[in-house]
Structures are given as structure tokens and as C-alpha cells.
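# Summary of structural features
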Amino acid sequence: MSARAAPAPPAPPADRILDILSVPVTDMTMTEALDFIESLFTTDAATSHSVFFVNAHTLNVACDQPAYREVLRSAHCVYGDGTGVRWAARLIHGTRLRDNVNGTDFVPALFKTRAGRGFRYFLLGNTPERIERAAAFARREFPGWELAGHHHGYLDDRSTPAVIEQINAARPHVMLVGMGNPLQEQWIARNLPRLRVPVCMGTGGLFDYWSGDLVRAPRWMRAVGYEWLHLLLRQPHKARRYLLGNPLFLWRALQARFARRAG
């Protein structure tokens, strides 16, 4: 008797996929996204699935680097993060995104709402000192999950295989990779075939918050879509990204709108 095949992992519904500058963005509420990611933990657990969050800067990089755009397109699921992506969805598709599914809010929500279910996580990224502090924060903040391990993100071709062995041996359900864009998505895509982690998620600067090096914008500022301004004041070295990148992104979204209407 042949072995029964493992159930196929769920995929985002086709009618929830919006093409934003040639990247397929999944339009879900936060609650729907939490349910969807949890479902990946329990179906076909031997297969690794990549989950990314894209904002205006990420999509600008994807426009300038076609190879990176293909990395984003290869993901199992991509969520829209921030005001810029919401504006682009309205400009290009006339659609209001159901929610702002950003990694900084999504991961804590996942850990709090799925606590006590035996899930494990692994942290990969940032400096040795900061990832230690981020891991200590996560242990305190999310006691309903088990920290399976953590490792800094300064990896090369020689050190990566041993770290992948460490990750696989730890058997996490989800791995959070915080190396910044585009490095974290490229690292996940390149190593996904060797990983045995149901969900590999690029989380950007999440570990900077967890390590205490960066403070979130006030809730009211996040609610009105101006968290980017708070980040600009905290990280002035990113001025070019916001002050030049945001208008460029909106111009690209307008071009995509005109092209879509012309087609």
C-alpha cells in the first residue's frame, strides 16, 4: 500500500492577490493572515514556505533589481506593509487594502494569539549582541512559545551550512529572519530548499525594536500612516529612502495605473 500523500499547503486565494509593481501582494485582514500562517505550521511541515512583507522602499528596490523582484514573486505569500502600499493599491486597482499587515505588528500578534499550542521559533539576524537581547526580550514577552534558538545574521557561504543544520535540528515552526532588505529575502530564497522550517519570514527591523535600540512610533502616528516620519527622525541616515523614495514610488504607482487603464 502506498503512503498517503501529505496535504497540500494552503495558498492565498487568487481573488485576494493584487499586482503591485509586478509583485503579488496578498490582501487579507490581520486575523485572516494569522489564521493562514498558522495553517502552514500544520500542513506539509517538511516543506519550507517563504513569507515576506513589502513596503514602498522594498518595492522600489524590486523595480531597480529584477532579480530581487523575482525573489519576492517566488514567495508563498507577500503582505503589504505601510501607507505607500495602501496608496498604490488604491491608485492601481481602486481597492482599499483590508489591513496593514506589517511584520512589526504581525509577529507579536501571532505569538500572543497562538500561545500555548506548542509552537517553536528561531531568530536569525542582526549583530551577536543585539540578537541576544532580542532573544531575551522574546522569552520574557512570549512565554507561550518556545525559543528554539537564535543566531546573528553575519553569514557567508562557509558559515551558512552549519547554521542551517542548527536551525533544522532545532525544529522551529517559524523562523524570523531580520537582515534588512533585500538581504533577508535573498537569503531565505537561496536557502529555502535546505531548510526544514514550515514558515521562514523576513521581518526587517523587528529585532531592533526587540533589542531596545529602536522605539515604535506612538499608536496615533501609526494609525494615521505616519510611522515613516517617526522612523526618519530616529534614523536620519534613511532620509534619502523616504524623501526621495516615497515620491518615486508614487510616480511608479501612477505609471502602473495608467498602463493598467490603457491595457
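Please refer to the structure higher up on the page.
What comes next is a walk through the structure. (Residues numbered from 1 in each chain as written. Predicted model: local features only at pLDDT ≥ 70, side-chain atom pairs only at ≥ 80, totals over all residues. Heavy atoms only, no water.)

Attention shifts here to the overall build of the protein chain. Looking only at helices and strands, the protein chain features twelve helices and eight strands. Residues counted as buried form 48% of the 263 residues belonging to the protein chain. Within the protein chain, contacts between residues at least 6 apart in sequence are counted, and of these 76% link residues at least 24 apart. Accessible surface for the protein chain amounts to roughly 13,000 Å². Of this, 53% is attributable to carbon and sulfur atoms. (Helix = DSSP H or I, 4+ residues; strand = E, 2+ residues; numbered from the N terminus. Buried < 20%, exposed > 50% of the residue type's maximum accessible area, 1.4 Å probe, protein only. Contact = heavy atoms within 4.5 Å. Areas by Shrake-Rupley, 256 points an atom, 1.4 Å probe, with all protein chains shown as cover.)

Turning our eyes to something else, we now look at the side chain of Glu38. Along the polypeptide, Glu38 turns up in helix H1 (residues 30-42). Only 3.0 Å separates the side chain of Glu38 from the side chain of Arg114, close enough to count as a polar contact. For Glu38, the contacting residues outside a window of four places in its chain are Arg114, Arg117 and Phe119. (Polar contact = N/O pair within 3.5 Å; in protein donor to acceptor, adjacent residues only side chain to side chain.)

Only one face of strand E1 (residues 17-20) is buried, namely the one carrying Leu18 and Ile20, since none of Ile17 and Asp19 on the opposite face is buried. With four bridges joining them, E1 and strand E2 (residues 23-26) adopt antiparallel strand pairing. Bridging from a neighbouring strand, Ile20 pairs with Val23 of E2. Between the antiparallel neighbours E1 and E2 lie two residues, among them Leu21 with a positive phi of about 55°. (Pairing = 2+ DSSP bridges.)

A separate point is the packing of aromatic side chains. Tallied over the entire structure, the rule returns 15 aromatic pairs. On the basis of an interplanar angle of 80° and a centroid distance of 6.3 Å, the ring pair of Phe137 and Phe142 is categorised as edge-to-face. (Phe/Tyr/Trp six-rings, centres within 6.5 Å; stacked < 30°, edge-to-face > 60°.)

Here the focus is the environment of Asp156. Its place among the elements puts Asp156 in the loop between strand E6 (146-151) and helix H7 (160-170). The class for Asp156 is partly exposed, based on a relative accessible area of 42%. For Asp156, the side chain forms a polar contact with the main-chain nitrogen of Arg158, separated by 3.0 Å.

Attention now moves to the pattern of salt bridges. One pass over the full model with this rule turns up ten salt bridges. Linking Glu146 and Arg120 is a salt bridge whose minimum nitrogen-to-oxygen distance equals 2.7 Å. One end of the pair, Glu146, is in strand E6; the other, Arg120, is in strand E5 (residues 120-125), and 26 residues separate them in sequence. Since its relative accessible area comes to 43%, Glu146 is described here as partly exposed. Take Arg120: its relative accessible area is 13%, and that puts it in the buried class. (Salt bridge = Lys/Arg side-chain N within 4 Å of Asp/Glu carboxyl O.)

Once that is clear, we can look at the side chain of His151. The residue His151 is located in strand E6 in this model. Look past the residues within four positions of His151 in its chain and what remains in contact with it is Phe122, Leu123, Leu124, Gly125, Ile131, Val163 and Gln166.

Bringing the nonpolar core into the picture now. In this structure, Ile20, Leu59, Leu124, Ile167, Met175 and Trp187 are the most contacted members of the largest nonpolar core, which totals 38 residues. Of all hydrophobic cores here, the second largest spans 35 residues; its members include Val101, Phe106, Phe142 and Trp210. (Core = buried A, V, L, I, M, F, W, Y, C linked by side-chain atoms within 4.5 Å.)

Where helix H3 (residues 66-73) contacts helix H8 (residues 183-191), the two axes come as close as 10 Å, and the packing angle between them is 65°. Judged by the sense of rotation from one axis to the other, the crossing of H3 with H8 is left-handed. Between H3 and H8, the residues in contact are Tyr68, Val71 and Leu72 and Glu185, Gln186 and Ala189, respectively. Taken together, the residues that form the contact of H3 with H8 break down as four nonpolar, one polar and one charged. (Axes fitted to C-alpha atoms, helices over the stretch in contact; angles between N-to-C directions. Left-handed = near helix turned anticlockwise from the far one by under 90°. Nonpolar A, V, L, I, M, F, W, Y, C, P; charged D, E, K, R; others polar.)

Another point: the environment of Pro66. Looking at the element boundaries, Pro66 is found in helix H3. As a C-alpha pair, Pro66 and Ser22 span 44 residues in sequence and 10.0 Å in three-dimensional space.

Moving on: the environment of Pro108. Here Pro108 lies in helix H5 (residues 103-113). A sequence separation of 34 residues divides Pro108 from Phe142, and the C-alpha atoms of the two residues are 8.1 Å apart. Apart from residues lying up to four places away in sequence, Pro108 is in contact with Gly103 and Phe142.

For helix H6 (residues 128-141), which comprises 14 residues, the first-to-last C-alpha distance of 20 Å matches the rise-based estimate of 20 Å (1.5 Å per residue) to within 8%. Check the buried side of H6 and you find it contacts E5, E6 and helix H9 (206-210). (Expected span 1.5 Å × (residues − 1).)

In an α-helix, one turn spans 3.6 residues; hence positions three or four apart end up facing the same way. Those residues of helix H4 (residues 83-93) that sit buried are Thr83, Gly84, Val85, Ala88, Ala89 and Ile92. Positive backbone phi, at 65°, marks Gly94, one or two positions downstream of H4.

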